Amino acid sequence: MRTADATGIDGIIIPKNRSVSLNQTVAKVSTGAIEYVKVSQVTNLVQTIKKLKSEGFWVIGLDMKGSIDYRKQDYKGKIAVVIGSEGFGISRLVKENCDFIVSIGGGSPQDCGKAISVLATNGGKITDYEGVNKSQKKCLPIVAIATTAGTSAEVTINYVITDEETHIKMIMVDRNTLASITVNDPELMLSKPAGLTAATGMDALTHAMEAVVANGAIDVTDATALYAIKQIFEYLPRAVENGQDIEAREQMCYACFLNGIAFSNAGLGNVHAMAHQLGGLYDLPHGVCNAMLLPIVEEENAKQAPAKFRVMAETIGMDVEGKTDEECMDFVIGKIKELSERVGIPKTLSELGVENPDFETLAENSMKDACAGANPVFFDKELLIKLFKKIA
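Values in this document were obtained by computation on a predicted structure and should not be read as measured data.

## Side note on the overall build of the chain
- Looking only at helices and strands, the chain features 12 helices and 12 strands.
- Looking at the chain as a whole, 52% of its 392 residues qualify as buried.
- Surface exposure of the chain reaches about 17900 Å², of which carbon and sulfur atoms provide 51%.

Okay, structure coming up:
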């Protein structure tokens, strides 16, 4: 039985005029030439990449078409790591006659695994599957091994693929892409750095809070999402402050699993609709975008769903008896901001290097995003621009 991996790395490209030692493999590149080194030639790819980063090399990704236009960019003195695109993944799967896929990592490798798997059984291009339940056949079996506690991609029917030409994140919601086996082992997360832990953890919080206020929320999704919210507020700071805290890591795993159940059934909302545009257009970390947008979007949602904020306020420690809806909302929003600050989330896009954002495009694409439909309040273009400007 053969397996295909969706770890996301297929090989390494060395720019011209450079020689670099890759453990036991040495790639010598002459002027004007580019040499492709297969992963199988590198004894420890992860450690090699870390070493190269520490030495000042620049690590970049490959677009979905499996090519990088070297004429448009200057790679002198840098190294490009080739990220497995759908073309690489499918060709590898077909060549090796694989029976199933093992996806290892955070949200991106999990989503990559789903994309490869659905193409393996349905054919076509990945753009054919943007939207809801576009595939006809069950995907190839997936064993999803999560190494972060945030996206819940390993237990959901959702996946996201960025269209590199339009810079739009395509949202796929497809019951045929649910993994056959999932593994959430907190020991795999102990080495994850604080910044990654914070971003993925705030992504998890966003999933849970959006699921509570979403149009599709029901008692079961409320129960799982509210428990996840409680656990995240308690254990995310511990996981960020001490990555080796196994109890905190384990509880974040539980929270991720539970809010995956919640938002798969209830839906998400405009936090994700807006964050997708920032990530697609400016290549920003998804969890960080969610964290910056969460309090300002939920302030608007509270006007339509005040009862939801009362129950969330009680979940995270407020004595709500005798309190007004506005007091409950203020408490929840304040706690979100407090948690974001404690785990080190940036407050503005300028801190992430984005100057003069294209507010028009961001707003227009947010309205088209598949997640927007589940939001309890309709956000028009004018309001979306106003909200984006709040984090500029």
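Once you've had a look at it, read on.
## Side note on the side chain of asparagine 270
- You can see asparagine 270 is positioned in helix H7 (residues 270–282).
- On the basis of relative accessible area, asparagine 270 is assigned to the buried category, the value being 4%.

## Considerations on the pattern of salt bridges
- One pass over the structure, following the stated rule, counts 11 salt bridges.
- Across the salt bridge formed by arginine 310 and aspartate 325, the nearest N and O atoms sit 3.2 Å from each other. A residue pair is termed long-range when its members are at least 10 positions apart, and arginine 310 in helix H9 (residues 306–315) and aspartate 325 in helix H10 (residues 325–342) qualify at 15 residues.
- Arginine 310 gets classed as partly exposed once you look at its relative accessible area, which sits at 24%.
- Three or more residues joined by partner-sharing salt bridges are found here, namely Arg238, Asp245 and Glu247.

## Describing unusual backbone geometry
- One non-glycine residue, serine 152, lies in the positive phi region at around 65 degrees.
- As for its placement among the helices and strands, serine 152 is situated in the loop between strand E9 (142–146) and strand E10 (158–163).

## Comments concerning the packing of helix H4 (residues 194–213) against helix H8 (residues 286–301)
- Put simply, H4 and H8 touch, their axes get as near as 8 Å, and they point 30 degrees apart. As judged from the angle between their axes, H4 and H8 are roughly parallel. The interaxial crossing formed by H4 with H8 has left-handed handedness. Note on element contacts: H8 touches H4 through His286, Gly287, Val288, Asn290, Ala291, Leu294, Glu298 and Asn301, opposite Ala199, Met202, Asp203, Leu205, Thr206, Met209, Glu210 and Val213.
- In terms of residue class, the contact of H4 with H8 is built from 8 nonpolar, 5 polar and 3 charged.

## Topic: the packing of H4 against H10
- In the contact formed by H4 and H10, the axes pass within 11 Å of each other and the chain directions differ by 165 degrees. Looking at the two axes, H4 sits roughly antiparallel to H10. Of the two elements, H4 crosses H10, and the hand of that crossing is left-handed. Contacts from Met202, Leu205 and Met209 in H4 reach Val332, Ile336, Leu339 and Ser340 in H10.

## Digging into the pairing of E9
- Of all 5 residues in E9, 5 are buried; the element is thus mostly enclosed.
- In E9, alternate side chains face the same way, and those of Ile142, Ala144 and Ala146 on one face and Val143 and Ile145 on the other are all buried.
- Bridge count for strand E7 (residues 100–105) against E9 is 5 bridges, and the pairing is parallel. Its bridge partner being in E9, valine 102 is matched across the sheet by valine 143.
- Judged from the 4 bridges that link them, E9 and strand E12 (residues 181–184) form a sheet pairing that is parallel. Along E12, the bridge assignment pairs alanine 146 with asparagine 184.

What counts and how
- Residues numbered from 1 in each chain as written.
- Predicted model: local features only at pLDDT ≥ 70, side-chain atom pairs only at ≥ 80, totals over all residues.
- Heavy atoms only, no water.
- Helix = DSSP H or I, 4+ residues; strand = E, 2+ residues; numbered from the N terminus.
- Buried < 20%, exposed > 50% of the residue type's maximum accessible area, 1.4 Å probe, protein only.
- Areas by Shrake-Rupley, 256 points an atom, 1.4 Å probe, with all protein chains shown as cover.
- Salt bridge = Lys/Arg side-chain N within 4 Å of Asp/Glu carboxyl O.
- Axes fitted to C-alpha atoms, helices over the stretch in contact; angles between N-to-C directions.
- Parallel < 35°, antiparallel > 145°, perpendicular 65-115°, else oblique.
- Left-handed = near helix turned anticlockwise from the far one by under 90°.
- Contact = heavy atoms within 4.5 Å.
- Nonpolar A, V, L, I, M, F, W, Y, C, P; charged D, E, K, R; others polar.
- Pairing = 2+ DSSP bridges.

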